[in-house]
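Here is what each chain is made of, one letter per residue.
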Amino acid sequence: MTIFGAIFLASCGNSGEYYEKTPEQVTHAIKSAHLPTHVLGKQIKRSRVTQPAPDTVVTTLLGEGGREMMHFVTTVTPDGTGSRVATEIAIPEGVKERLDEAVAKDPMANYAMNLMHVVAREHVVAAIEGRPFDMTLGNPNAQAAMEMNPQMRAQFEQANKAASDMAKYEQQLDFEQNYGSDWGDSGAGTSDGWGN
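Remember, it's a predicted structure, so these values are computed and weren't measured experimentally.

Definitions and limits used
Residues numbered from 1 in each chain as written. Predicted model: local features only at pLDDT ≥ 70, side-chain atom pairs only at ≥ 80, totals over all residues. Heavy atoms only, no water. Pairing = 2+ DSSP bridges. Helix = DSSP H or I, 4+ residues; strand = E, 2+ residues; numbered from the N terminus. Axes fitted to C-alpha atoms, helices over the stretch in contact; angles between N-to-C directions. Parallel < 35°, antiparallel > 145°, perpendicular 65-115°, else oblique. Contact = heavy atoms within 4.5 Å. Nonpolar A, V, L, I, M, F, W, Y, C, P; charged D, E, K, R; others polar. Core = buried A, V, L, I, M, F, W, Y, C linked by side-chain atoms within 4.5 Å. Buried < 20%, exposed > 50% of the residue type's maximum accessible area, 1.4 Å probe, protein only.

Student: What is the right way to look at the pairing of strand S3 (residues 46–53) in this model?
Tutor: Each regular strand displays side chains that alternate between the two surfaces of the sheet. Examined bridge by bridge, S3 and strand S4 (residues 56–62) share six bridges and lie antiparallel to one another. Bridged to Arg46 within S4 is Leu62. Linking S3 back to S4 in an antiparallel pair, the connection comprises two residues.

Student: For this particular structure, what's the right way to read the packing of helix H2 (residues 95–105) against helix H3 (residues 107–129)?
Tutor: Geometry of a packed helix pair, given as the angle between the helix axes and the separation of the axes. Where H2 contacts H3, the axes come no closer than 5 Å and their chain directions differ by 125 degrees. Classified by the angle their axes make, H2 and H3 are oblique. Within the contact between the two elements, H2 uses Leu99, Ala102, Val103 and Lys105 and H3 uses Pro107, Ala109, Asn110 and Met113. Here the contact of H2 with H3 is built from residues that sort into six nonpolar, one polar and one charged.

Student: Is there a simple way to explain the nonpolar core in this structure?
Tutor: Residues Leu40, Leu61, Met70, Phe72, Ile89, Ile91 and Met116 are the most contacted members of the largest nonpolar core, which totals 17 residues. Mapped by element, the contributors of at least two residues to this core are strand S5 (68–79), H2 and H3. When residues of this core are assigned to their parent elements, the largest contribution, four residues, is made by H3. With twelve residues, the next largest nonpolar core counts Tyr19, Val49, Val57 and Val124 among its residues.

Here's what the structure looks like:
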């Protein structure tokens, strides 16, 4: 995948995680999923989904002016009646150099990259399982706290929905400012999944 530059992080496993769904079901689920860009910080304005090959779905994080900041590259291979799914993070040249510098200077940048890997995995797993994105990212302390306090869970989910709705609105506005409103929503129906 040289068009995406060097692969920065290893995949979630050599053979990937197994799901009892066909490759077509898996790729469709990932292409249709909304990436909650509000958890990624202000530099990420929206995302775009493409399928450059039958077994590959790429979710691209876009910055200001549509600049490609990062790619979640998911490979889906058949395995019996199900599929093996592996997700990698690829960073375009130019962005990677700046990121390497930031990681060398600031340990928090390295933490943020590790967290990005967790976000990529959760995005894909939630899509395949047909459930909402887990905003706790599997943090057992946060999950335990919400189990003990249903009111906290309700407030958390309400705040997350508001933030997600705002992120969707901002993405649509950014898209329309860059490309016009003629194709915005209808773009999601094209073969490569553009419009998310």
